[in-house]
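Examining the three-dimensional arrangement
One letter stands for each residue in the lines below.
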Amino acid sequence: MLSIEVILAGAMMASLTLYVLLGGADFGGGVWDLLAALTKESGRKKAQRELIAEAIGPIWEANHVWLILVIVLLFTCFPSAFSVISTALHIPLVLMLIGIVLRGSAFIFRSYDNRADNVQRRWGRVFSIASLITPVLLGVTVGSISSGRIQIKDGIVTSGFVHSWLAPFPFAVGLFALALFAFLAAVYLTVEAKDEQLREDFRRRALVAAVMVGVLALVVFLFSFTGAPEIRRDLSASWWTWPLQIATAISAMGAIWFLWTRKFRLARVCAAAQVTLILWGWGAAMFPYLVVPGLTIQNAAAPAVTLQLTLIALVAGSLLLFPSFYYLFRIFKSNPEGATSQAQTTQRARPQDRE
Amino acid sequence: MNNLLAARSQMAMSLAFHILFAAAGIAMPLMMVIAEWRWRRTRDEIWLTLAKRWAKGTAILFAVGAVSGTVLSFELGLLWPEFMKFAGPIIGMPFSLEGFAFFTEAIFLGIYLYGWTRVSPRAHLWAGVMVALSGAASAVFVIIANAWMNTPTGFSFYAGKVANVDPIAAMMNPSALGQTIHMVLAAYAAVGFAVAGIHALALLRDKQNLFHCRALAVALAVGGVAAILQPLSGDILGQMLAKNQPVKLAAMEGHFKTEKGAPLHIGGWPDENAKTTRYAIEIPYALSLMAFHDPNATVRGLESFPRDEWPPVKIVHFSFQIMVAAGTAMMLVALWAARRAWLVWRKKGPLDSKWFLRAVIAASPLGFVAIEAGWMVTEVGRQPWIISGVMRTAEAVTPMPGLVVPFISFTLLYVFLGLTVLWLLKRQVADSPRVYADAAKPVEGAGYAFD
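Residues numbered from 1 in each chain as written. Chains lettered and ligands numbered in written order. Predicted model: local features only at pLDDT ≥ 70, side-chain atom pairs only at ≥ 80, totals over all residues.

1. Brief notes about the overall build of chain B
Each helix and strand counted, chain B has 14 helices and ten strands in total. Whereas a compact globule of 451 residues would reach a radius of gyration of roughly 22 Å, chain B reaches 23 Å, a difference of no more than 12%. For chain B, the C-alpha atoms occupy an extent of roughly 75 × 45 × 40 Å along the three principal directions. Here chain B holds 451 residues, and 55% of them are scored as buried. (Helix = DSSP H or I, 4+ residues; strand = E, 2+ residues; numbered from the N terminus. Rg over C-alpha atoms; globule rule 2.2 N^0.38 Å. Buried ≥ 20, exposed ≤ 12 C-beta atoms within 10 Å, placed from the backbone.)

Here it is in structure tokens:
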């Protein structure tokens, strides 16, 4: 069963997981940037936004590459799936790309434009609205390929360019993805906040987001009866379902409990575990499909030699990638409290410094 | 606008936009690393200021390059699903490798930009070196994939299906070496000259400003060396074309008749119906000499190919003329710069004579003009094929209707991004530091715009 195709599909899942855990949280940060508008006190509003910018500044571009890796693996190893997905989901994917472009460029423009409040606010709004829309469209894509709405005959999409995705289930998944990203971001920010009040702000947000995640998970589940019958059947009938569901539930409860008791590092571990389990639960339910119901890992796979070489490239690349990633995160994410002086902390949001 | 034309326009526009930022992502890191290295060696603060200034430019340009590159990786499927279905397994390999190069670039750029006070000076410089190397590596891998579209290798057909896929052989296709060298050099030349032009302009207004003097020196060194080497890589490509893509070469040269001792056409108006290029300056034997290094060699003309396999001759010919003209002008300015550098070194004159600065300013956009024109030659010159001789562009396009809508949307988006980037860079340049030889200290706040 563990053929090379399956291993590569697993690598794609792993890459997607890292994208959600890291890049997803960057989008979630954008959501909280938008919702900082709800904070009345202007100093705290600003402090929240600065913390978010500081948290994602050095890492968002590297995090974003996980998505590129998913796409490259998809078109190299499962070319017909890439072709079918990008045909049937042309519209949501184009919208998602516009979101990705605006999010990234507005974020960088904000860092390098005039520091005047109105200029900053304008870029901030583009950045945060794009951060809100993009995860929904990513979720729509995931929902659509699981839903069975994408119909294929002789390798050609027959379900059209709208029917394939315009349905309640994909959008429920989209909102669920948004809630997950926002939840991850809020939990991470509780660890990264340097002052008590900010930490409390994000603790409250994380708890609210956790509830939203629960509610939307239920909504997705209910819509899946009609919206994605194939994978719902898999998810409820397989032997691994209950252990997986229980593990997911435990991590979710753990995240809430540790947020409640202010053990933020543990909450972060639980939240990441929860999201990982949700993703892999979805992946296991999808198995062996890449696009339900027409394309499987087997029938979409590229020739064996391509798969073998890609696997070698992945292993070799990982030897370079993981140490570099570890180095990046060690520099910017380890021990944010206390390690730096006040002078540095006020500047860290900005990539430039005066010496 | 029909769908195929809309798809091609969107792809052309996306590529033309992305290449500007991709080129910056290759060359800017090299320049900022040189400046930082000079600072480490001399402890002269001007170099540090320069490194930080260029790093800011790199940050803006890289971010836009990263997102526009993401768009392209999706557009391969959004616009050309049949192409990717066919080509993915054969040419996915360099894209995978490029993925890792891009990762490395993004990781170390994060460390470089935000890590000035977080890592040791040595580690910081090395982070910059990693960015510069992985930027060039990314370019090499992507261009290898493009080269394969021009000269596809590494597979065969068996009973109408692809067989014997060999991704390594596909990567080693005949165009790969020439094209990668040509584009990497083009990036250094174009960015070097563009940056040099900005600092030359500042020097015209603010003579003796050491900040701009040094910036000009580094930018001209990077751009100038590349511009002087570029004709050599062009020669490699020319010979490769003569052998592997004779129809593209014929279109570039406006060369219609197959003949021995073929002349080179400079300028002129290719008339496809009359099968001749009018009003061109003809240099006898020169085309044979360039294509085969033999003045009497036979060069195939467009006439020897079926008419429906001709690329649009005028566009390819004019683009090629523009590229060569721009490249030649840059090479001449680079030689002038070398001469001036020699005089400075012998202490016989300053680097910044007025006419020289004016020449640098005039040459500064030419590298990007040449890059765009060169890609027109490569891509339009391959038409009507998306994969030379294997798959026609029309067969590869998506069945999705109404492609004119995303084309217009992305065009507007990119115009907006382009103008914003120009505005931000202008802001950066407008408050450059002022440093003069007699007082080796910044005079006006060293121009940190953000505090």
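2. What about the overall build of chain A?
Across its full length, chain A carries 13 helices and four strands. A globule of 355 residues ought to have a C-alpha radius of gyration of about 20 Å, and chain A, at 21 Å, matches this closely. Taken along the three principal axes of its C-alpha coordinates, chain A extends 60 × 40 × 35 Å. Relative to its 355 residues, chain A shows a buried fraction of 55%. Long-range contacts, defined as pairs at least 24 residues apart, comprise 78% of the intrachain contacts of chain A with a sequence gap of at least 6. (Contact = placed C-beta atoms within 7 Å.)

3. Description of helix α5 (residues 90–112) of chain A
With 23 residues, α5(A) should cover 33 Å at 1.5 Å per step; its first-to-last C-alpha distance of 33 Å lies within 8% of that length. Along α5(A), 22 of the 23 residues are buried, which leaves the element largely enclosed by surrounding structure. (Expected span 1.5 Å × (residues − 1).)

4. Quick notes on the interface of chain A and chain B
Across the contact, 55 residues belong to chain A and 59 residues belong to chain B. Looking at the side of chain A that touches chain B, the elements that each hand over two or more residues are α3 (60–77), α4 (79–88), α5 and α12 (304–333) of chain A. At 13 residues, α12(A) tops the list of elements feeding residues into the side of chain A that touches chain B. For the side of chain A that touches chain B, the per-class residue count stands at 33 nonpolar, 16 polar and six charged. (Nonpolar A, V, L, I, M, F, W, Y, C, P; charged D, E, K, R; others polar.)

5. Thoughts on the nonpolar core
Core analysis: the biggest nonpolar cluster contains 288 residues, and A:Phe183, A:Leu184, B:Ala23, B:Ala27, B:Met31, B:Ala187 and B:Ala190 have the highest contact counts within it. Broken down by element, the residue count for this core peaks at 21 residues, all from helix α3 (residues 81–114) of chain B. For B:Ala190, the residues in contact, after removing those within four places along its chain, are B:Ala23, B:Gly367, B:Phe368, B:Ala370 and B:Ile371. (Core = buried A, V, L, I, M, F, W, Y, C linked by C-beta atoms within 7 Å.)

6. Focus on helix α11 (residues 354–363) of chain B
All names here are of chain B. Of all the positions in α11, only Phe356, Leu357, Val360 and Ala363 are classed as buried. Seen from one end, α11 has its buried residues packed into an arc of 130°, which puts them on one side. In this structure, α11 carries Lys354 and Trp355 as exposed residues pointing more than 90 degrees from its buried face. (Arc of directions from axis to C-beta.)

7. Looking at the environment of B:Ala363
Assignment of secondary structure puts B:Ala363 in helix α11. Sequence-wise, B:Ala363 and B:Pro94 are 269 residues apart; in three dimensions their C-alpha atoms are separated by 34 Å.

8. Some remarks on the confidence of the model for chain B
Predicted coordinates in areas of low pLDDT are best not read in detail. Residues and elements named next belong to chain B. Of the residues in chain B, 96% have a pLDDT of 70 or more, and the chain-wide mean is 90. Looking at the elements of chain B, mean pLDDT is at its lowest for strand β2 (residues 161–163), recorded as 84, and at its highest for helix α12 (residues 366–380), recorded as 96. Quick note on the complex model: pTM equals 0.91, ipTM equals 0.89. (pLDDT = per-residue confidence, 0-100.)

9. Considerations on the confidence of the model for chain A
Residues and elements named next belong to chain A. Of all residues in chain A, 94% have pLDDT values of 70 or greater, and the mean over the chain is 89. For chain A, the element scoring lowest by mean pLDDT is helix α13 (residues 342–347), at 40; helix α7 (residues 168–192) scores highest, at 95. Counted against residues more than four places away or in other chains, residues 337–350, with its pLDDT under 50, gives twelve contacts.

10. Looking at unusual backbone geometry
The omega torsion of the bond from A:Val292 to A:Pro293 falls at 0°, within 30 degrees of zero and hence cis. Structurally, the position occupied by A:Pro293 is in the loop between β3 (289–291) and β4 (295–296). A cis amide bond links B:Gln383 to the next residue, B:Pro384, at an omega of 5°. Relative to the assigned elements, B:Pro384 resides in the loop between α12 and β9 (385–387). Positive phi, normally seen in glycine, also occurs at B:Arg43, with a value near 60°. For B:Arg43, a count of 9 C-beta atoms within 10 Å translates into the label exposed.

11. Details of the environment of A:Ala81
Note on placement: A:Ala81 falls in helix α4. Apart from the residues within four sequence positions on either side, A:Ala81 is in contact with A:Leu74, A:Leu290, A:Val291, A:Leu295 and A:Ala300.

12. Describing the packing of helix α2 (residues 45–79) of chain B against helix α14 (residues 404–430) of chain B
Residue and element names in this part refer to chain B. The contact between α2 and α14 brings their axes to 11 Å, and the two run at 175°. As judged from the angle between their axes, α2 and α14 are roughly antiparallel. In this structure, α2 contributes Arg53, Lys56, Gly57, Ile60 and Val64 to the contact, and α14 contributes Leu417, Val421, Leu424, Leu425 and Gln428. A per-class count over the contact of α2 with α14 returns six nonpolar, two polar and two charged. (Axes fitted to C-alpha atoms, helices over the stretch in contact; angles between N-to-C directions. Parallel < 35°, antiparallel > 145°, perpendicular 65-115°, else oblique.)

13. Quick look at the environment of B:Met240
Residues and elements named next belong to chain B. Residue placement: Met240 occurs in helix α7 (residues 210–244). Its 21 C-beta neighbours within 10 Å are what place Met240 among the buried residues. Between the alpha carbons of Met240 and Gln179 there is a distance of 9.8 Å; along the sequence they are 61 residues apart. Not counting the four nearest positions on each side in its chain, Met240 is found in contact with Pro174, Ser175 and Gly178.

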